[in-house]
Amino acid sequence: MDTAIKCLYCDKIFAQRKSLYVHCRKFHDTYVVPVKDLQCGVCQKGFSTPKTLSVHVKKFHDEINTNKTKKNQMRIICPYDKCVVELFTFVKQRQHLCDVHGFDVELENINFCDISEFDSWKREMEQRTSTMYILDRAASELSDGNTRQFYYCHRSYSYRKQGNNVREIKSMGSNKIERACPSLLKVTISKFDGKVSTSFWKTHCGHELEIGRIRLDDETRTIIAGKLKEGVTFNRVLDAIREAEISPDTFNRSCLLERQDLYNIARAFNIDYATKRDSNDSISVKLWVTEMKSHEAECPVLYYKNQNESVSYLDKADFALVLMTNFQAQQIIKFGSEKICIDGTHGTNAYDIQLYTLLTVDEFGSGCPVAFCFLNRSDELIFRQFFNVVKSKVGQIQSKVFMSDDAPAFYNVWSSVMGAVTHKLLCTWHIDRNWRQHLNKISGVTEKKAIVYKTLRVLLHK
């Protein structure tokens, strides 16, 4: 809203300049030239309204405006090497890449009969090139009635935290590159015949084309969900994919299928597995434990502490779940006096809860798990609670051999709770890892280190 403006011909007052311009053309047959009394502070160009001045500054001078708010920051940042220039549009980004860096973005125009044909082409192209394109916003309607939508490379922009920010970042890092990849699809759908015209900027910049960075396509997810719905186990699904013949046509994201992918598909399609009691994992575990405790003598739960529960010897944030069936109790009583082993499995879930397995060796020389413990941290205090509840179930186990990793916490606590053992052993994996870490201390050529390592491996297996 401008200040009051007076007509020079009839003294009529107007609140907006555009109303004055319309009035002069209609009643006085006079065209009033807009007054450009607003000036750009950078290039001194004149503007008649604050809005046009704001658009000009954002479009041409935003990269030198050091007082930008987070809302006004440009998302289109040049992805080339260490360049951090911010651009207003992808058109300007492509021009910048070509003029400044000599990097050309290849364009291909493709027409399709309908949207289903486009979707099939897009799915095949993404699998073939190990890429993925996602909608960044809803489709928009053009002035001619056609519909337009843009698909951007899924590596573009920054990671946006959702929910309560409790989700852990992937071990390989976020897919987002904090900049804008120039590859995109501009899709126009005709209002009259449904035909689709596509402008495809094919060249990527700022990241590698990694098959592990893309998601399973919708068609593959639907097929797998159908198998899970029919009762096919996770192991059968994984084995069928891993045992399939690999060819250039079949080498796609499904070849890297993991158990976590199957859990995600089951959750997305509301396919509950037998032990799931609630969509919230914490509530589901609590309900399962309650159900198991109702079995009384057959209950496998030796100890359970949920987070935010207060006990005298553990922190409020600690989580602990110890499981042992009656058969496992019989096995540790029978074979535990000879050998006891403990092994930890890390990084198997999004909650950073670790699984520790207590094993013994049966009469056939095979490892036999005799107790499982889920913990959110690893130190002597919480291991002591684990071994104490095992002792309360089966009594004191006087073992001759105790095998663990090279961390002293397991052995120290076991000796304190169950008594000292005759022999303390390290598993071969940790021995081999320590050897490889210390090979660099050997002076000489690489061949000498290889001979030493090979000799150690021979001695290990004798």
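Residues numbered from 1 in each chain as written. Predicted model: local features only at pLDDT ≥ 70, side-chain atom pairs only at ≥ 80, totals over all residues. Heavy atoms only, no water.

### A word on the packing of helix 12 (residues 428-438) against helix 13 (residues 446-460)
A pair of packed helices can be characterised by two numbers: the angle between their axes and the separation between those axes. Two numbers describe how helix 12 lies on helix 13: the axes approach to 11 Å, and their chain directions differ by 165 degrees. Relative to helix 13, the element helix 12 lies roughly antiparallel. By crossing handedness, the relation of helix 12 to helix 13 is classed as right-handed. The residues of helix 13 that touch helix 12, namely those facing Thr428, Ile431, Asp432, Trp435 and Arg436, are Tyr453, Leu456, Arg457 and Leu460. In the contact of helix 12 with helix 13, the residues fall into 5 nonpolar, 1 polar and 3 charged. (Axes fitted to C-alpha atoms, helices over the stretch in contact; angles between N-to-C directions. Helix = DSSP H or I, 4+ residues; strand = E, 2+ residues; numbered from the N terminus. Parallel < 35°, antiparallel > 145°, perpendicular 65-115°, else oblique. Left-handed = near helix turned anticlockwise from the far one by under 90°. Contact = heavy atoms within 4.5 Å. Nonpolar A, V, L, I, M, F, W, Y, C, P; charged D, E, K, R; others polar.)

### Structural notes on the packing of aromatic side chains
Summed over all chains, the structure comprises 19 aromatic pairs. Where Phe150 meets Tyr152, the ring centres are 6.3 Å apart and the plane angle is 15 degrees; that geometry is what we call stacked. On the basis of relative accessibility, which here comes to 7%, the residue Tyr152 falls in the buried class. Three or more aromatic residues link up through ring pairs in this structure, and these residues are Phe112, Phe118, Trp121, Tyr133, Tyr151 and Phe200. If you follow Arg94 out to its NZ or CZ, it ends over the ring of Trp201, 4.0 Å from the centre. (Phe/Tyr/Trp six-rings, centres within 6.5 Å; stacked < 30°, edge-to-face > 60°. Buried < 20%, exposed > 50% of the residue type's maximum accessible area, 1.4 Å probe, protein only. Lys NZ or Arg CZ within 6 Å of the ring centre and 35° of its normal.)

### Considering the UniProt feature "domain: C2H2-type" (unreviewed entry) in the protein chain
Within the UniProt annotation, "domain: C2H2-type" (unreviewed entry) is assigned to residues 5-28 and 38-66. End C-alpha to end C-alpha, residues 5-28 measures 16 Å, and it is 46% helix and 17% strand. (UniProt positions renumbered as here; feature names shortened; annotations may be inferred.)

### Topic: the pattern of salt bridges
Taken as a whole and assessed by the stated rule, the structure comprises 12 salt bridges. Close ionic contact of Lys400 with Glu338 constitutes a salt bridge, the shortest N to O distance being 3.5 Å. With Lys400 in the loop between helix 10 (380-394) and strand 18 (401-404) and Glu338 in the loop between helix 9 (326-335) and strand 15 (339-345), this pair connects stretches of sequence that are 62 residues apart. Its relative accessible area of 39% is what places Glu338 among the partly exposed residues. Bridged by salt links that share partners, the residues Glu106, Glu108 and Lys202 form one connected network. (Salt bridge = Lys/Arg side-chain N within 4 Å of Asp/Glu carboxyl O.)

### Focus on the nonpolar core
Counting residues in hydrophobic clusters, the biggest one holds 32 residues, and the most contacted among them are Ile332, Leu358, Phe383, Phe386, Phe387, Val390 and Trp414. Among the elements of the structure, strand 14 (320-323), helix 9, strand 15, strand 16 (354-361), strand 17 (367-375), helix 10 and helix 11 (409-418) are those that each provide at least two residues to this core. For this core, the element with the highest residue contribution is helix 10, accounting for 7 residues. If we skip the residues at most four places from it in the chain, Val390 touches Leu302, Met324, Ile332, Leu358, Ala371, Gly395 and Met418. (Core = buried A, V, L, I, M, F, W, Y, C linked by side-chain atoms within 4.5 Å.)

### Description of the side chain of Ser130
Its location among the elements puts Ser130 in the loop between helix 4 (115-129) and strand 8 (133-135). With residues near it in sequence (within four places) discarded, Ser130 still touches Leu209, Glu210, Ile211 and Ile214.

### Topic: the confidence of the model for the protein chain
Averaged over all residues, the pLDDT of the protein chain is 83; the fraction at 70 or higher stands at 89%. Taken as a whole, residues 64-72 scores under 50 in pLDDT and shows 5 contacts with residues more than four places along the chain or in a different chain. (pLDDT = per-residue confidence, 0-100.)

### Here's the deal with the sheet that holds strand 13 (residues 301-305)
Ordered by their spatial adjacency, 7 strands build an open sheet running 13-14-17-16-15-18-19, and the pairing between neighbours is mixed. Unpaired on one side and paired on the other, strand 13 and strand 19 (423-426) mark the two borders of the sheet. Neighbour to neighbour, the strand axes of the sheet diverge by 15 degrees on average, direction disregarded. Where strand 16 meets strand 17, 8 bridges bridge the pair, whose relative direction is antiparallel. Counterpart to Leu355 in the pairing with strand 17 is Phe374. (Pairing = 2+ DSSP bridges.)

### Side note on the packing of helix 10 against helix 11
Relative orientation of the contacting elements helix 10 and helix 11 amounts to 40 degrees, with a least axis distance of 9 Å. Our classification of the angle between helix 10 and helix 11 gives oblique. By crossing handedness, the relation of helix 10 to helix 11 is classed as right-handed. Facing Glu380, Phe383, Arg384, Phe387, Asn388, Val390 and Lys391 of helix 10, the residues of helix 11 in contact are Ala409, Phe410, Asn412, Val413, Trp414, Ser416, Val417 and Met418. Here the residues of the contact of helix 10 with helix 11 are counted per class, giving 9 nonpolar, 3 polar and 3 charged.

### Re the state of the cysteines
Tallied over the full model, the rule gives 0 disulfides. With no disulfide partner, Cys10 has as its closest neighbouring cysteine sulfur the one in Cys7, 3.7 Å distant. (Disulfide = S-S within 2.5 Å.)

### Considering helix 1 (residues 17-27)
Within helix 1 the residues assigned to the buried category are Arg17, Leu20, Tyr21, His23 and Cys24. Viewed end-on, helix 1 has its buried residues packed into an arc of 165 degrees, placing them on one side of the element. Within helix 1, the exposed residues directed more than 90 degrees away from the buried face are Lys18, Lys26 and Phe27. In the core, the buried residues of helix 1 are packed alongside strand 1 (5-6) and strand 2 (13-14). With its phi angle positive at about 50 degrees, Asp29 sits one or two positions after the end of helix 1. (Arc of directions from axis to C-beta.)

### Focus: the pairing of strand 16
Counting buried positions over the 8 residues of strand 16 gives 6, a clear majority of the element. Strand direction decides the pairing type here: strand 15 and strand 16, joined by 5 bridges, are antiparallel. Across the sheet, the residue bridging to Asp343 is Thr357, located in strand 16. Here strand 16 folds back onto strand 17, and the loop between the two strands holds 5 residues, one of which, Gly365, carries a positive phi near 80 degrees.

### Comments concerning unusual backbone geometry
A positive phi is found at Glu296, a non-glycine position, where the angle reads about 55 degrees. Its place among the elements puts Glu296 in the loop between helix 8 (281-293) and strand 13. The class of Glu296 is exposed, set by a relative accessible area of 67%. Positive phi outside glycine occurs at Asn308, with the angle close to 70 degrees. Turning to its location among the elements, Asn308 is positioned in the loop between strand 13 and strand 14. Take Asn308: its relative accessible area is 61%, and that puts it in the exposed class.

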